[in-house]
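These are the residues of each chain, in order.
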Amino acid sequence: MKPELVLKPLVSELLRDVLAVPERLSAMMDALGSPLNIVVPEQISENVAEYRAVYGSHRLSGGIYFAHKANRSSALIRALAAGDCGVDVASLGELRHVLEAGFTGDRIMATGPKDAEFLWLAARVGAVVNADSREELARLASTVARFGLPPARVMIRLSAFESSGVPILSRPSRFGVHARELASVLDILDEHRAALRLLGVAYHLDTTGVEEKALALEGCLLAMHEALGRGLTPTAVDIGGGFGVNYLADRGEWERYTTELGTAVLGLRPPMTWQNHGYGLRAGAGTLRGTLGVYPAYREVVGPRYLDELLNHESARLGRSFATLLLENLYDLYIEPGRGLVDQCGLTLARVAEVRTTHSGDVLVRLMANSHDISAEDHAVLMDPVLLPERPGTPTGVYLAGNLCLEDDLITRRKVTLPRNPVPGDLLAFVNTAGYFMDFAADHALMQPIARTVAAYREAGGWSWCLDEQFWPVKGNRS
Ligand SMILES: Cc1ncc(COP(=O)(O)O)c(C=O)c1O
């Protein structure tokens, strides 16, 4: 018999502990509704320590800035405020949130495009302003001058790095200053020496490719050299986020699934997806066309290991590893992991509302949640949920649909194999949702409720929980 096409999620020990008592989860949902997010602040502190260990092994100094956009939770931000991690904020709302959580300006980095209010508050509290454009830099200089603020520490975000020798594609970005425009940025910094202090240069690339990041890091090191040559005194290189997460427990399952998906798109086996959706693949004259547009959900080199690999990578132009180059120049290394820092920090629960069989024979499971509440699929991450409570049964393939009266409100466009037939009242736990899949896109469409978030933490007597907004680091004995 062929093995089932499953994509079992990787579940950390802490999350397994949280899932271990389904009656407790069910009681929480009776009180707070479906869907429900659970975050585990203790985990984020452990994750910070793992990134820190990579710095230690390369004898590097610098700052870790959590990219707040990955999750809105107050509990996670407050757990970070209690430690030594910094935070990257990309809006006025996020900046206000972290200030309220206890972050001081020296531990905050403001990234992304900024409006006047965001820029003013960032400068007022002494946050590092990671400038997205020349115009923004000029506006910051005039804000500092107009309000008599202390000089602002700035990073310059660069993009579109050019390779020498073997061409390496550097994807175009809407953000940052084109690397070729560095000289004019340095002119602005020169002109506004009283208002702006160059702390360093930065990039953030939304890619998993190490080669592309190595090219950007090399470009930043060369930019540092140019800035020093102009008499400026930058000390840090910021390599953004994008270290990635491994979502799945088993490499074999992932490889089997993706291979079979291609076979299904070609029509050589029964469809595995709603209306034979190909996730970017399509059949053309009997062959497979297009590219599979999904996140590589099974990856071994992710998070701190990915950072380590990048640091060990040799710069093509400068001839030594990036770790050595940073160390020799006494540069600080800044990173801004989002998804990677909230790896295994939370899960989303949804109650099964209805199970029915369509006229074409598909089993449709409607959840009391929608595809904005659980947006892994929107972010192209394919990973099975955990069905609770565990009971013996026969594996069954189902489609998971949301509670919006919209054709495309599917939580999964692929058939998910559950270990038994689900029934109304069961719970589905979508693990590892804290990085972008939990509340990034949640809204009140159709006046459906959005998930409440609770923080789970350990005390002497076992696990306790409270509403996310009521969690402060004094709770629990570990975070
Ligand atoms: C400037 C910046 N830094 C960091 C991040 C975090 O990226 P990731 O969650 O992939 O680590 C982002 C994400 O969009 C970003 O725009």
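Per-chain numbering applies: the sequence of each chain, read as written, is numbered from 1 onward. Residue-level local features of this predicted model are given only where pLDDT is at least 70; pairs of side-chain atoms are given and counted only at 80 or more, and the full residue set underlies all totals for whole chains, interfaces and linings. Side-chain figures throughout are based on the complete set of non-hydrogen atoms in the structure, without hydrogens or water.

Caption draft 1: Broad picture of the overall build of the protein chain. A run of DSSP states H or I qualifies as a helix once it reaches four residues; a run of E qualifies as a strand once it reaches two. Both are numbered from the N-terminal end. Check the secondary structure of the protein chain and you find 12 helices and 20 strands. Note on method: radius of gyration uses C-alpha positions; expected globular size equals 2.2 Å times residues raised to 0.38. In summary, the protein chain has a C-alpha radius of gyration of 24 Å against a globular reference of 23 Å for 479 residues, a match within 12%. Referenced to the eigenvectors of the C-alpha coordinate spread, the extents of the protein chain come out at roughly 70 × 60 × 40 Å. In the protein chain, the share of contacts with a sequence separation of at least 24, taken over all contacts with a separation of at least 6, comes to 69%. The protein chains shown are the only cover counted for residues, whose accessible areas, like all others here, come from Shrake-Rupley with a 1.4 Å probe. For the protein chain, the accessible surface area stands at approximately 20,300 Å², while carbon and sulfur atoms represent 53% of it. The positive count covers Lys and Arg only, the negative count covers Asp and Glu only, and His and the chain ends enter neither. In plain terms, the charge of a residue is placed at NZ if it is Lys, CZ if Arg, CG if Asp and CD if Glu. When the 47 basic and 57 acidic side-chain charges of the protein chain are each reduced to a single mean position, those positions are 1 Å apart. Contacts between residues were defined by any pair of non-hydrogen atoms, one from each residue, lying within 4.5 Å.

Caption draft 2: A look at the UniProt feature "active site" (unreviewed entry) in the protein chain. Per the UniProt record, "active site" (unreviewed entry) is found at Cys 405. You can see Cys 405 is positioned in the loop between strand S16 (396–401) and strand S17 (416–418). UniProt positions are given in the numbering used here, feature names are shortened, and annotations may be inferred rather than shown by experiment.

Caption draft 3: Expanded view of helix H6 (residues 116–125). The cut-offs for exposure are 20% and 50% of the maximum accessible area for each residue type, with area from a 1.4 Å probe on protein chains only; residues under the lower value are buried, those over the upper are exposed, and the others partly exposed. Turning to H6, its buried residues number three or more, namely Phe 118, Leu 119, Leu 121, Ala 122 and Ala 123. Of the surrounding elements, those touching the buried residues of H6 are strand S3 (86–89), helix H5 (92–101), strand S4 (108–110), strand S5 (128–131) and helix H7 (134–147). Taken from the residues just after H6, Gly 126 is the one with a positive phi, measuring 80°.

Caption draft 4: Quick look at the layout of surface pockets. We place a 1 Å grid over just the protein atoms. Points where a 1.4 Å probe fits but has no way out form a cavity, open points with protein on both sides within 12 Å along at least 5 of 7 lines form a pocket, and any residue with an atom within 4 Å of a point lines it. Grid points are joined across faces, edges and corners, and a volume is the space filled by probe spheres set on the points. Its volume calculated, the largest pocket comes out at about 800 Å³. Together, 34 residues line the largest pocket, and Lys 69, His 204, Leu 205, Asp 206 and Tyr 436 are the ones closest to its centre. In this classification, Asp, Glu, Lys and Arg are treated as charged, Ala, Val, Leu, Ile, Met, Phe, Trp, Tyr, Cys and Pro as nonpolar, and every other residue, Gly included, as polar. Of the residues in the lining of the largest pocket, the class split is 13 nonpolar, 13 polar and eight charged. Each of domain 1 (13–40 + 345–470) and domain 2 (42–244 + 299–335) gives at least three residues to the lining of the largest pocket. A volume near 440 Å³ is recorded for the second largest pocket. Among the elements of the structure, helix H1 (13–19), strand S15 (386–388) and S17 are those that each provide at least two residues to the lining of the second largest pocket. By residue class, the composition of the lining of the second largest pocket is 14 nonpolar, one polar and five charged. An automatic or database domain assignment supplies the start and end points of every domain.

Caption draft 5: Highlighting the nonpolar core. Formed by 133 residues in total, the largest nonpolar core has its most connected members in Ile 156, Leu 189, Ile 239 and Leu 307. No other element matches the 10 residues that helix H9 (residues 210–229) contributes to this core. Setting aside residues no more than four positions away along its own chain, Leu 307 makes contact with Tyr 51, Val 54, Tyr 55, Ile 239, Phe 243, Leu 333 and Ile 335. The set of buried Ala, Val, Leu, Ile, Met, Phe, Trp, Tyr and Cys residues whose side-chain atoms join them within 4.5 Å is what this entry labels a nonpolar core. Among the nonpolar cores identified, the runner-up in size contains 15 residues, and Val 352, Val 365, Leu 387 and Leu 418 belong to it.

Caption draft 6: Spatial organisation of the pattern of salt bridges. When a carboxyl oxygen of Asp or Glu is within 4 Å of a side-chain nitrogen of Lys or Arg, the pair counts as a salt bridge. A complete count under the given rule lists 21 salt bridges for this structure. Of the charged contacts in the structure, one is a salt bridge between Arg 251 and Glu 300, with a shortest N-O distance of 3.3 Å. Of this pair, Arg 251 sits in helix H10 (residues 251–265) while Glu 300 sits in the loop between strand S11 (287–290) and helix H11 (303–312); the two residues are 49 residues apart in sequence, bridging distant segments of the chain. Classification of Glu 300 as partly exposed rests on a relative accessible area of 39%. The closest approach of N and O atoms between Glu 377 and Arg 413, which form a salt bridge, is 3.3 Å. Separated by 36 residues along the polypeptide, Glu 377 in the loop between strand S14 (363–367) and S15 and Arg 413 in the loop between S16 and S17 bring together distant segments of the chain. Salt bridges sharing partners connect three or more residues here, namely Asp 187, Asp 190, Arg 193 and Arg 230.

Caption draft 7: Region of the structure containing H9. Under the convention used throughout, the expected extent of a helix is 1.5 Å for every residue step, that is, one less than its residue count. The end-to-end C-alpha distance of H9, which contains 20 residues, comes to 29 Å, matching closely the 28 Å that a straight helix rising 1.5 Å per residue would cover. Looking at the residues trailing H9, positive phi occurs at Gly 231, about 85°.

Caption draft 8: Focus on the site of the ligand. Around the ligand, the neighbouring residues are Ala 67, Lys 69, Asp 88, Arg 157, His 204, Gly 241, Gly 242, Glu 336, Pro 337, Gly 338, Arg 339 and Tyr 436. Identification of polar contacts relies on pairs of N or O atoms within 3.5 Å, with a donor-acceptor requirement for protein atoms, meaning one able to donate a hydrogen and the other able to accept it, and with residues adjacent in sequence counted only if both atoms are side-chain atoms. For the ligand, a nitrogen atom lies 3.4 Å from a polar atom in the side chain of Asp 88. Between the ligand and Gly 242, the relevant distance is 2.7 Å, taken from an oxygen atom to a main-chain nitrogen or oxygen of the residue. In isolation the ligand has 390 Å² of accessible area, and contact with the protein removes 84% of it. A majority-of-atoms criterion places the ligand in the largest pocket. When its residues are assigned to classes, the shell around the ligand shows three nonpolar, four polar and five charged. In these notes, residues near a molecule or strand are those with any non-hydrogen atom within 4 Å of it. Assignment to a cavity or pocket requires that more than half of a molecule's atoms be within 2 Å of the site's grid points.

Caption draft 9: Molecular detail of the domain arrangement of the protein chain. Here the protein chain is partitioned into domain 1 (13–40 + 345–470), domain 2 (42–244 + 299–335) and domain 3 (251–290). Taken over C-alpha atoms, the centre of domain 1 sits 35 Å from the centre of domain 2. Contact residues are listed per partner, giving 16 residues for domain 1 and 14 residues for domain 2. Where domain 1 packs against domain 2, one counts one salt bridge. Where Glu 42 meets Arg 458, a salt bridge forms, and the shortest distance between an N and an O atom there is 2.5 Å. The tally of links between domain 1 and domain 2 comes to 10 residue pairs in polar contact (both at pLDDT 80 or more). When the residues that make up the side of domain 1 that touches domain 2 are grouped by side-chain class, the tally is 10 nonpolar, two polar and four charged.

Caption draft 10: Structural view of the pairing of S16. Within S16, five of the six residues are buried, which leaves it mostly tucked inside the rest of the structure. By definition, two strands form a pair when at least two bridges between them are found by DSSP. When S14 meets S16, the two strands line up parallel, connected through three bridges. Counterpart to Leu 364 in the pairing with S16 is Tyr 399. Sheet topology places S16 next to S17; three bridges connect them, and they run antiparallel. Counterpart to Val 398 in the pairing with S17 is Val 416.

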